[in-house]
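Results of the structural survey
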Amino acid sequence: MPPRTGSPPVPRTHAVLGLTLFATIALPITQGGESLLDILLPLLRESPLGGLTVLVMIACPQLFGLAVAVGHLLRDEQTAIPFVQLPISVMQGMIFLIGVSLISAPKPVAALSFIGFAFVSSGYYLYASAEAAASARGGLSLRWLVRWGALLIAATGLWLRMQALRGLHMGIALDVAVAAALLLLALNARTPVAARRTAS
């Protein structure tokens, strides 16, 4: 159901969770206490273009959270969609590349599961995008995109947390990101009853 006239396309609760996701960029991501910000700032100082490229590649979950929060400040869903869709597309591409690399790499915990997730999710995202573009809708809805981005972050984060069984210990940033993504996913899990009745 499209948002009411004058209301933000992203509810306030979703925006708070988006900001929580974005804030994980400053929380410890490694066992030693380094954050993504600690890693990115030196790169940005040495090479702004190179640092920006790395930022987009490895911090796409945080950029997705920021985009969701920005959506709350906008008054038009169509304006908010590109902000949210860009980091999702990058994130989906990175997940696909990781899945491909795991085929020949030393197998971590549940490698086959992640490879399957990477291929299936990438294929479905391409299908859903093409199907939506060819329909009367003209593209994926903001609600669908927020739900999909949260799903990618939650699934990948939980898989990364499983790697502790092989000695890969990560910081609290991962747990906060997974918790925020799961809450965001739960809030967008189903179409509201009122919307279903209106559609029928």
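This text follows the structure it describes.
Here's what I pulled together on the structure shown here. Given the structure is predicted, the values throughout are model-derived calculations rather than measurements.

Secondary structure assignment for the chain yields nine helices and zero strands. Starting at the N terminus and ending at the C terminus, the chain contains elements arranged as α-α-α-α-α-α-α-α-α. The C-alpha radius of gyration of the chain comes to 18 Å, within 12% of the 16 Å expected for a compact globule of 200 residues. Along the first, second and third principal axes, the C-alpha atoms of the chain reach 50 × 35 × 30 Å. The buried share of the chain, reckoned over its 200 residues, is 36%. Of the contacts made within the chain by residues no fewer than 6 positions apart, 68% connect residues no fewer than 24 positions apart. Of the roughly 10,900 Å² that the chain leaves accessible, carbon and sulfur atoms contribute 69%. Positive and negative side-chain charges of the chain, numbering 13 and 7 respectively, have mean locations separated by a distance of 14 Å.

Before going further, it helps to examine the nonpolar core. Side chains of nonpolar character tend, in soluble globular proteins, to be buried together. Judged by nonpolar contacts, the single largest core of 35 residues is most densely connected at Phe64, Val84, Ile88 and Leu145. Sorting the residues of this core by element identifies α1 (12–23), α4 (60–73), α5 (77–104), α6 (111–134), α7 (142–162) and α8 (172–187) as the ones contributing at least two each. Examining the composition of this core, we find that 10 residues originate from one element, α7, more than from any other. Residue contacts for leucine 145: discarding those within four places in its chain leaves Phe64, Ile81, Val84, Gln85, Ile88, Tyr125 and Leu140. In this structure, Ile25, Leu36, Leu40 and Ala59 belong to the second largest nonpolar core, which totals five residues.

Here we take up the layout of surface pockets. Estimated volume of the largest pocket: approximately 730 Å³. As for the largest pocket, its lining consists of 29 residues, and the residues nearest its centre are Ile58, Pro61, Thr156, Leu160 and Met170. The dominant element in the lining of the largest pocket, judged by the number of residues it contributes, is α7, at six residues.

The next point concerns the pattern of salt bridges. Summed over all chains, the structure comprises two salt bridges. The closest approach of N and O atoms between arginine 137 and glutamate 131, which form a salt bridge, is 2.5 Å. On the accessibility criterion, arginine 137 (54% relative accessible area) is exposed. On the basis of relative accessibility, which here comes to 36%, the residue glutamate 131 falls in the partly exposed class. Across the salt bridge formed by aspartate 175 and arginine 161, the nearest N and O atoms sit 3.0 Å from each other. Placement of aspartate 175 in helix α8 and of arginine 161 in helix α7 is noted, with a sequence separation of 14 residues between them.

Moving on, we get to α4. Look at α4: 20 Å from first C-alpha to last across 14 residues, which is about the 20 Å you get at 1.5 Å a residue. Burial of α4 is extensive: 10 of the 14 residues sit out of reach of the surface. What α4 keeps buried is the set Cys60, Pro61, Gln62, Phe64, Gly65, Ala67, Val68, Ala69, Gly71 and His72. Residues of α4 that are buried sit in contact with α1, α2 (36–46), α3 (48–58), α5, α7 and α8.

The subject of this paragraph is the environment of leucine 63. Tracing the chain through its elements places leucine 63 in helix α4. Between the C-alpha atom of leucine 63 and that of glycine 18, which follows or precedes it by 45 residues, the distance is 9.0 Å. In contact with leucine 63, not counting residues within four places along its chain, are Leu55, Val56 and Pro87.

Further remarks concern the side chain of glutamine 92. In this structure, glutamine 92 sits in helix α5. Not counting residues up to four positions away in its chain, the partners in contact with glutamine 92 are Ala118, Ser121, Ser122, Tyr125, Trp148 and Leu152.

Conventions we followed
- Residues numbered from 1 in each chain as written.
- Predicted model: local features only at pLDDT ≥ 70, side-chain atom pairs only at ≥ 80, totals over all residues.
- Heavy atoms only, no water.
- Helix = DSSP H or I, 4+ residues; strand = E, 2+ residues; numbered from the N terminus.
- Rg over C-alpha atoms; globule rule 2.2 N^0.38 Å.
- Buried < 20%, exposed > 50% of the residue type's maximum accessible area, 1.4 Å probe, protein only.
- Contact = heavy atoms within 4.5 Å.
- Areas by Shrake-Rupley, 256 points an atom, 1.4 Å probe, with all protein chains shown as cover.
- Lys, Arg positive; Asp, Glu negative; His and termini not counted.
- Charge placed at Lys NZ, Arg CZ, Asp CG, Glu CD.
- Core = buried A, V, L, I, M, F, W, Y, C linked by side-chain atoms within 4.5 Å.
- 1 Å grid on protein atoms, 1.4 Å probe; cavity = no way out; pocket = protein on both sides within 12 Å on 5 of 7 lines; lining within 4 Å.
- Points joined across faces, edges and corners; volume = space filled by probe spheres on them.
- Salt bridge = Lys/Arg side-chain N within 4 Å of Asp/Glu carboxyl O.
- Expected span 1.5 Å × (residues − 1).

Honestly, it's all geometry; don't read function into it.
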